[in-house]
Amino acid sequence: MPSNPIRSASRAISPLASSLVRPTCPHPCRTFISPCSSLHNARPWPGSARKSAIQVQRRRMSTSNLSRKHPVDFIPPTATDLFDLRASVQEFCKRNIPEEVAAAADGTNSFPADMWHKLGDAGLLGITASAAQGGLDMGYEAHTIVMEEISRASGSIGLSYAAHSQLCVNQVSLNGNQQQKEKYLPSLLSGRMIGALAMSETGAGSDVVSMKMKAEEVDGGYRLNGSKMWITNGPDADLIVVYAKTAPPPTQPSKGVTAFLVETKSASGFSVARKLDKLGMRGSNTGELHFEDVFVPKENVLGQLNKGVRVLMEGLDLERLVLSAGPLGLMRRALDEALPYVHTRQQFGVALAKNQLVQGKLADMYTAYRAASAFTHEVARTIDAAHNSPETNFGIESRDCTSTILFAAEQATKVCLDAVQLLGGMGYMSEVPVGRLVRDAKLYEIGAGTSEIRRVVVGRSFEKEFS
Ligand SMILES: Cc1cc2nc3c(=O)[nH]c(=O)nc-3n(C[C@H](O)[C@H](O)[C@H](O)COP(=O)(O)OP(=O)(O)OC[C@H]3O[C@@H](n4cnc5c(N)ncnc54)[C@H](O)[C@@H]3O)c2cc1C
């Protein structure tokens, strides 16, 4: 395997050197405070202690069913590894995603196709994939860092990047068998193949398990019929993780879903019905996809037959976590644009930033970014630290993964709107990027489950615990 500059830079630091950087919590979360105030072990509500204990007990009893969320050789990256990774990605973005590239992607409503090879050559397409397949095997906190920095340069490129590296690559890494991983991961990681994930349909968005796409068993495999809507990378994808009904029992629709790996270029009956025109994220290609008697060999079933909802839901937790770094990147960019502007432009004889109302807005923007960033990193770090702990469901709390994106997405829309306001008339002009940031940010309140559905998920998790 050729050595990868990003991996080498971020893994070359000795554990001793990294432990000297900042004091960390003794808890496996390795939060940079001592001790951490996270919810991992200590629940803040004493009344639920017994119930929590019972739940942990139940969880332990069912851990045999749980599958790992990291490759077996995974070692959580050190703070220095992550610092170096961020610096490398910033350098990558400076060279490959300058503002002209981001603006052109938005203006032409199309993803810059050569970006896939550049991302692949830099090793960025397999942050969570195993080193055996050519991945960096650096885990989810690292993936949020890469996602944030790419989204800071271009929200659209960030979204397409995550659809490939998280929704497709990570799903294949976690749920694929050895043959599937060997067949697809090297091409996906190099950027020769573009990945996507298709669950939503025109009639099944928030209520995604009510999907109508059917997969009927035939000799040697399955025949897929139906359509998928709003699929990121759909118009370009070579490999799509497609969810379809294999055995829909009338009373339990969630039980009969299976995930399939569909190779689009060789699949007769597959077509891109249309490439969609969008409000924002215009540099990320989105499509409506049709499947008419598309044959998928049985070796392309991803995970277990009729257990696709588990693949889908477990994938959704990690997807929400990694996608929450998209809004982080957009908030960071809003600050990048607003801060120099308000300190340079003068009105009433002084810089705009001399006004306390302007300072207050900057403070709110910065606080929102820092709070969302701390939350996302803490949840990601917990999951990375629990890579060997099936008794804690490998550190995954749906509630936390969902809350990270709920919070980050809504903050990003506000922060990007504040940036428009701070730039005044200029903020409303297409020649500066802040308007694009607002349009891009709004997507994160809709994609991967809307804000309302996220509130339902978080609210229901308490209902389960307390009632
Ligand atoms: C740019 C873009 C990219 C996307 N990429 C992908 C992709 O790659 N793969 C994929 O599978 N899907 C993708 N999606 C689809 C996305 O996940 C869905 O759009 C999303 O889940 C919402 O579903 P919907 O559009 O059908 O809205 P609906 O479910 O029709 O909801 C409409 C409104 O009603 C509200 N609502 C619905 N149910 C409730 C409820 N029970 N309580 C309160 N409010 C409710 C919603 O919050 C929303 O405000 C993408 C969407 C977009 C816009």
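Basis of the calculations
Residues numbered from 1 in each chain as written. Predicted model: local features only at pLDDT ≥ 70, side-chain atom pairs only at ≥ 80, totals over all residues. Helix = DSSP H or I, 4+ residues; strand = E, 2+ residues; numbered from the N terminus. Buried ≥ 20, exposed ≤ 12 C-beta atoms within 10 Å, placed from the backbone. Contact = placed C-beta atoms within 7 Å. Near = placed C-beta within 6 Å. Nonpolar A, V, L, I, M, F, W, Y, C, P; charged D, E, K, R; others polar. Domains from an automatic or database assignment. Core = buried A, V, L, I, M, F, W, Y, C linked by C-beta atoms within 7 Å. pLDDT = per-residue confidence, 0-100. Pairing = 2+ DSSP bridges. Axes fitted to C-alpha atoms, helices over the stretch in contact; angles between N-to-C directions. Parallel < 35°, antiparallel > 145°, perpendicular 65-115°, else oblique. Left-handed = near helix turned anticlockwise from the far one by under 90°. Expected span 1.5 Å × (residues − 1).

A. Main features of the overall build of the protein. For the protein, the helix and strand inventory stands at 16 helices and 10 strands. When each of the 467 residues of the protein is scored for burial, the buried share is 49%. Residue pairs at least 24 apart in sequence account for 75% of intrachain contacts in the protein once pairs closer than 6 positions are excluded.

B. Focus on the site of the ligand. Every one of the 23 residues lining the ligand counts as a neighbour, but Ser200, Gly205, Ser206, Thr450 and Glu452 are closest to it. Secondary structure elements with two or more residues in the shell around the ligand: β1 (195-198), β3 (221-232) and α16 (451-466). Considered class by class, the residues forming the shell around the ligand number 13 nonpolar, 8 polar and 2 charged. Counting contributing residues, the shell around the ligand receives three or more from each of domain 2 (198-308) and domain 3 (310-466).

C. Representation of the nonpolar core. By size, the foremost hydrophobic cluster in this structure holds 120 residues, and its most contacted members are Phe260 and Cys416. A total of 11 residues in this core trace back to one element, the largest contributor, which is helix α13 (residues 398-422). For Phe260, the residues in contact, after removing those within four places along its chain, are Ala215, Tyr222, Leu224, Val242, Ala244, Val296, Asn300, Val301 and Leu302.

D. Here's a closer look at the confidence of the model for the protein. Residues with a pLDDT of 70 or more make up 85% of the protein, whose mean pLDDT is 88. Here residues 9-54 is modelled with pLDDT under 50, and outside its nearest four sequence neighbours on either side it reaches 63 contacts, counting other chains as well. Segment residues 56-62: pLDDT under 50, and 3 contacts once partners within four positions in sequence are set aside and those in other chains are kept.

E. Geometry of the environment of Met115. Position of Met115 relative to the elements: it lies in helix α6 (residues 115-121). Once the C-alpha coordinates of Met115 and Ile97 are considered, the two residues, 18 residues apart in sequence, prove to be 8.7 Å apart.

F. Looking closely at the pairing of strand β2 (residues 214-218). Judged from the 5 bridges that link them, β2 and β3 form a sheet pairing that is antiparallel. For Glu216, the partnering residue across the bridge sits in β3 and is Arg223. Count of turn residues in the β2/β3 antiparallel hairpin: 2 residues, of which Gly220 carries a positive phi of about 85°.

G. Representation of the packing of helix α11 (residues 325-344) against α13 within the structure. Axis separation between α11 and α13 bottoms out at 9 Å; the angle between their running directions is 20°. The pairing of α11 with α13 is recorded here as roughly parallel in orientation. For α11 against α13, the interelement crossing comes out left-handed. Packed against α11, whose contacting residues are Pro327, Leu328, Leu330, Met331, Ala334, Glu337, Ala338, Tyr341 and Val342, the element α13 presents Ala408, Ala409, Gln411, Ala412, Val415, Cys416, Ala419 and Leu422 at the interface. Grouping the amino acids of the contact of α11 with α13 by side-chain chemistry returns 15 nonpolar, 1 polar and 1 charged.

H. Up close: the environment of Asp418. Secondary-structure assignment places Asp418 in helix α13. We classify Asp418 as buried; it has 22 C-beta atoms within 10 Å. Apart from residues lying up to four places away in sequence, Asp418 is in contact with Lys361 and Met365.

I. Local environment of helix α10 (residues 308-323). With 16 residues, α10 extends 21 Å from end C-alpha to end C-alpha; this agrees with the ideal 22 Å at 1.5 Å per step. Across the 16 residues of α10, 14 count as buried, placing the element largely inside the fold.

J. Summary view of the packing of helix α8 (residues 155-175) against helix α9 (residues 178-190). It is at 10 Å that the axes of α8 and α9 come closest, and there the two elements cross at 155°. Between α8 and α9, the crossing angle belongs to the class labelled roughly antiparallel. Where α8 crosses over α9, the handedness of that crossing is left-handed. For the pair α8 and α9, the contacting residues are Cys168, Val169, Val172 and Ser173 in the first and Gln180, Lys181, Tyr184, Leu185, Leu188 and Leu189 in the second. Considered class by class, the residues forming the contact of α8 with α9 number 7 nonpolar, 2 polar and 1 charged.

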